[in-house]
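# Chain and residue survey
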Amino acid sequence: MTRLLRRPETGAIVAFLLTYLFFAIFTYTNGFVSWNGTVGWMNLAAELGIVAVPVALLMIAGEFDLSIGSTVGAASMVLAIGTTHMGLTIWPMIVLALVMGMAIGLANGLVVVRTGLPSFIVTLATNFIVIGATMGLSRLLTNVTSSSIAVSDSAKLVFAGRWEQANISILWWLLAIAIGLWVLSRTVFGNWIYATGGNLQAARGAGVPVERVKIILFMATGFAAALVGIILGVQWNSGNATYGMGYVFQAPIVVVIGGVLLSGGYGTVGGVAVATALFGVISTGIFYTGWSTDWIQLFLGALLGAAVLANSYVRKMALMGGR
Amino acid sequence: MSQSPILELKNVTKRFGNTHALSDVSIALTPGRIHCLLGDNGAGKSTLIKVMSGYHHATDGQVVFDGEQLTFASPRHARQLGIATVHQDVGTIPLMTIGRNFFLGAEPKKGFGPFSQLDKAKANGIALEQMQRFGITRVKDAEQLVGTMSGGERQVLAIGRAMYFGARVLILDEPTSALGVKESAIVLKMMKQVREDGIAVVFITHNARHAMAVGDDFSVLIHGKVAAQFERGEVSRDELLNLMAGGEDMAQLEVDLEAVE
């Protein structure tokens, strides 16, 4: 039992089960537990989940990325401007959007590593720079800040394919989880991520290339954010500079609820995946109750508060002697 | 002293601008001996070990390793030659397992290409074996977080790691200063074991009792100079204490203290 309490993901699992049961019981007649209801919350969780995984790895390495939101919007605008305004085909634009996402990550990483400034502020600045640049450039080139995207069938299939009500983004999410689990718990790079966030000096002393670890992770979050931008753009057939602004805080919120320590060095991908599912359940469950969706924010806020408290407790338990 | 020194500093001076951190320091480290480095804060101990481990270059004087004069290109270069430094606090990561800590930066791998992964079973097995070799039998599971271990056990882990990766000169920076009596005993016992393995140990400490318990050679630094250098048994504990406090100052201090009372 105490061993279970020490696992970083325990809190998220308990919260998920309780919340799920709550909605399952109170909205049973409205179909929350049905196939469509389940697919509904998974669709919602999936897009956030794709960014949440690399954000979790980055936070375990001790850094934040608040620029993801604007990268999502910028990626969708790259598709819009490229395909509609310039008449190019979509696939090269998709590659360009992904490269741009990684470039934003690289810039974040380099600035954080070189200046030693808190990534919280650096990436917050990037967030405004990128969204401002996206809007400014879009208006300059197309006179609008949102525009339609000319989508090819193949792109539609890969990024916005549907099976009944289920979006293909769920598969992308599962892929992100699988990669995250593999990297963090099985690879040498995963060991370096934990060490970088756990004790930077010690990691450096042991020969871990901490700067490279951070930069690679910033690039991963940029890549994932661009991927989500592409998925949203293709799904809605349009790009918008403000897509994804919700993720700026939603991603770190689910990461913390998932048991990652705000100070870094501790956490699991499994916990973050469960917390993302929890986010999906709350956001869609509210609809089934018929209550105002205003309550979602309150719910999330309360959960975040509880999670931070639980995490510091789990950390203490983890460091207590014996097993 | 039949063995020849493995690492020797000859008339080393280190200046930072106009400040003499070290003046004309000569010190020889011999395999299988523990060399205690004593001195007050600011006496130049840290600078000295940084010269030994490649972080600083000597302004003047020579560094001789294995009989050859050389200049360490970097701390990494010194490490590769087998000069390992273990600091009192940094070195282990509390929220990581023993196995992961032990192999940090030199992880064993299995599998190929993109599917190569951390060989946890091997890492855990070796880490546990090394801990037990140095008398830590309480720890039975290498999946345990390092933060759950005592300060002494963590120190043993850090030293054991340096040993496993082929240290020939082991520099221990205040390894016992944050530890209780029992915990210190574990570390001191380990140092004796390391000496048996033919490692040259540098033991930096404020604690004369700990130094007397294990030391073979002693160097006392005062204001960046070697104030005294002697072998085990040549100096009593009181004399040592006086030297560490800056020579005759200690007697004067006692007189002053009595005057206050």
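Our subject is the structure that appears above.
Below, the structure is looked at part by part. No experiment lies behind these values; they were computed from the predicted model shown.

Each helix and strand in chain B was counted, giving nine helices and 12 strands. What you see for chain B is a C-alpha radius of gyration of 20 Å, in line with the 18 Å of a compact globule of 261 residues. Expressed as lengths along the three principal axes of its C-alpha atoms, the size of chain B is roughly 70 × 45 × 40 Å. Buried positions account for 45% of the 261 residues belonging to chain B. Put simply, 68% of the contacts in chain B that link residues at least 6 apart link residues at least 24 apart.

Turning next to unusual backbone geometry. Of note, N143 of chain A is a non-glycine position whose phi angle comes to about 70°, a positive value. Following the sequence through the fold, N143 of chain A ends up in the loop between α6 (119–142) and β1 (146–148). At E174 of chain B, a position not held by glycine, the phi torsion is positive, near 50°. Mapped onto the elements of the fold, E174 of chain B is located in the loop between β9 (169–173) and α6 (181–196). Look at E174 of chain B and you get partly exposed, because 18 C-beta atoms sit within 10 Å.

This next bit is on the interface of chain A and chain B. In this assembly, 23 residues from chain A lie in contact with 19 residues from chain B. Counting only elements with at least two residues in the side of chain A that touches chain B, the list comes to α9 (188–198) and α10 (200–205) of chain A. Classifying every residue of the side of chain A that touches chain B by side-chain character gives 11 nonpolar, 10 polar and two charged.

With that settled, the discussion passes to the pairing of strand β6 (residues 83–87) of chain B. Residue and element names in this part refer to chain B. When you tally the buried positions in β6, you get four out of five residues, the bulk of the element. For β6 and β9, the ladder comprises five bridges, and the chain directions are parallel. By the bridge assignment for β9, T85 is matched with I171.

All names here are of chain A. Helix length check: helix α13 (residues 269–289), at 21 residues, gives a terminal C-alpha distance of 30 Å against a target of 30 Å (1.5 Å per residue), a fit within 8%. Of all 21 residues that make up α13, 17 are buried, and the element is covered over most of its length. Of the residues flanking the end of α13, it is G290, one or two places downstream, whose phi is positive at about 85°.

Calculation criteria
Residues numbered from 1 in each chain as written. Chains lettered and ligands numbered in written order. Predicted model: local features only at pLDDT ≥ 70, side-chain atom pairs only at ≥ 80, totals over all residues. Helix = DSSP H or I, 4+ residues; strand = E, 2+ residues; numbered from the N terminus. Rg over C-alpha atoms; globule rule 2.2 N^0.38 Å. Buried ≥ 20, exposed ≤ 12 C-beta atoms within 10 Å, placed from the backbone. Contact = placed C-beta atoms within 7 Å. Nonpolar A, V, L, I, M, F, W, Y, C, P; charged D, E, K, R; others polar. Pairing = 2+ DSSP bridges. Expected span 1.5 Å × (residues − 1).

Scope: geometric values only; no functional claims are made or implied.
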